[in-house]
Amino acid sequence: IDDKLIGIYRFCIGLAKKGLVANVMGEQADIIMNGDLESLSTSTAWLGVLAYTFQIYFDFSGYSDMAIGLGRMMGFRFPENFNSPYTANNISDFWRRWHITLGAFMRDYLYIPLGGNRVSSKARLFFNLWLVFILSGFWHGASWNFVLWGAYHGVFLILDRLFLVKLLNKLGGLLSTLITFIIVMVGWVIF
């Protein structure tokens, strides 16, 4: 199959994600979150968070698809950047699926130089994980909400290593995916 056709197809998929899903979800999130927050019901607030959760995924994923498609049309093969992250069954799995190229960069240029998994203590390992995610928050923007978002995910990565992955595995696929999705959604509120 011709690379140009595959590229056009992939670009169109990305454009559809952005135009038909992300923009619609973004409008709903904006209506809910920019309204009177004091009179917002719990269910409406969760609906706004859910809309934002899908907006941010379809925005990033759509842009990535468009870039991959444009690259393919020009003869380049860019790596995948998203792999169904909202189907992850723990936060570690989520980060293997979400913004894959940024995760690889953070791993290769921050986590491994800090010692990665090959450190002398669990405390140092946990510090390395947490620091990398705090720095990931800084990468997203110079605002405390991004730093808190990074710290939040860093804590859940540590909890995964301590006990959370084992607990979620015992609960089974659907329940562990739902719990992970809720953790991610709360993270988007901070973001």
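This one's a predicted model, so the numbers in the text were calculated from it and none came from an experiment.

Asker: Teacher, can you tell me more about the overall build of the chain here?
Answerer: Each helix and strand counted, the chain has seven helices and zero strands in total. When the elements of the chain are put in sequence order from the N terminus, they spell out α-α-α-α-α-α-α. Overall, the C-alpha framework of the chain stretches about 50 × 50 × 40 Å when taken along its three principal axes. Residue burial in the chain is summarised as follows: out of 191 residues, 41% are buried. Looking at the chain alone, contacts between residues at least 24 apart form 62% of all its contacts between residues at least 6 apart. Total accessible area on the chain stands at roughly 10,900 Å², and carbon and sulfur atoms take up 67% of it. Across the chain, the 15 positively charged side chains and the 12 negatively charged ones have centroids separated by 15 Å.

Asker: Whenever I open this one, a nonpolar patch on the surface confuses me. Can you help?
Answerer: There is a patch of nonpolar side chains on the surface, built from Trp46, Leu162, Phe163, Leu167, Leu171, Leu175, Leu178, Ile182 and Val186 and spanning about 770 Å² of accessible area. Listing elements by their share of the nonpolar patch, those giving two or more residues are helix H6 (144-171) and helix H7 (173-190). Within the secondary structure layout, Leu167 lies in helix H6. Overall, the relative accessible area of 41% leaves Leu167 in the partly exposed class.

Asker: What should I look at first to understand the pattern of salt bridges in this one?
Answerer: Oppositely charged side chains can pair when the atoms bearing their charge come close. According to the stated counting rule, one finds eight salt bridges in the structure shown. Between Asp65 and Arg10 there is a salt bridge whose closest N-O contact spans 2.8 Å. Note that Asp65 is positioned in helix H2 (residues 42-73) and Arg10 in helix H1 (residues 3-33), a separation of 55 residues in sequence. The class of Asp65 is buried, set by a relative accessible area of 5%. Through salt bridges that share partners, Arg10, Lys17, Asp65 and Glu80 make up one connected network.

Asker: Explanation requested: the side chain of Arg97 in the structure shown.
Answerer: By secondary structure assignment, the location of Arg97 is in helix H3 (residues 91-97). A polar contact of 3.2 Å, which involves the side chain of Arg97, links it to the side chain of Thr87. Contact partners of Arg97, with chain neighbours within four places excluded, come to Asn81, Phe82, Asn83, Ser84, Pro85, Thr87 and Ala88.

Asker: Would you take a moment to explain the packing of aromatic side chains for this structure?
Answerer: Under the defined criterion, the tally for this structure stands at 24 aromatic pairs. Relative to Tyr86, the ring of Phe54 has its centre 5.8 Å away and its plane inclined at 90 degrees; by these criteria the two rings are edge-to-face. Placement of the pair is Phe54 in helix H2 and Tyr86 in the loop between H2 and H3, with a sequence separation of 32 residues. The class for Phe54 is partly exposed, based on a relative accessible area of 27%. Residue Tyr86 is classed as buried on the basis of its relative accessible area of 13%. Relative to Trp98, the ring of Phe82 lies with its centre 5.0 Å away and its plane at 85 degrees, an arrangement referred to as edge-to-face. Here Phe82 is found in the loop between H2 and H3, whereas its partner Trp98 is found in the loop between H3 and helix H4 (100-111), with 16 residues between them in sequence. Under the relative-accessibility criterion, Phe82 is labelled buried at 11%. For Trp98, a relative accessible area of 2% corresponds to the buried category.

Rules of the game
Residues numbered from 1 in each chain as written. Predicted model: local features only at pLDDT ≥ 70, side-chain atom pairs only at ≥ 80, totals over all residues. Heavy atoms only, no water. Helix = DSSP H or I, 4+ residues; strand = E, 2+ residues; numbered from the N terminus. Buried < 20%, exposed > 50% of the residue type's maximum accessible area, 1.4 Å probe, protein only. Contact = heavy atoms within 4.5 Å. Areas by Shrake-Rupley, 256 points an atom, 1.4 Å probe, with all protein chains shown as cover. Lys, Arg positive; Asp, Glu negative; His and termini not counted. Charge placed at Lys NZ, Arg CZ, Asp CG, Glu CD. Patch = residues over 30% accessible without salt bridge, like charges linked within 9 Å, V, L, I, M, F, W, Y side chains within 5 Å. Salt bridge = Lys/Arg side-chain N within 4 Å of Asp/Glu carboxyl O. Polar contact = N/O pair within 3.5 Å; in protein donor to acceptor, adjacent residues only side chain to side chain. Phe/Tyr/Trp six-rings, centres within 6.5 Å; stacked < 30°, edge-to-face > 60°.

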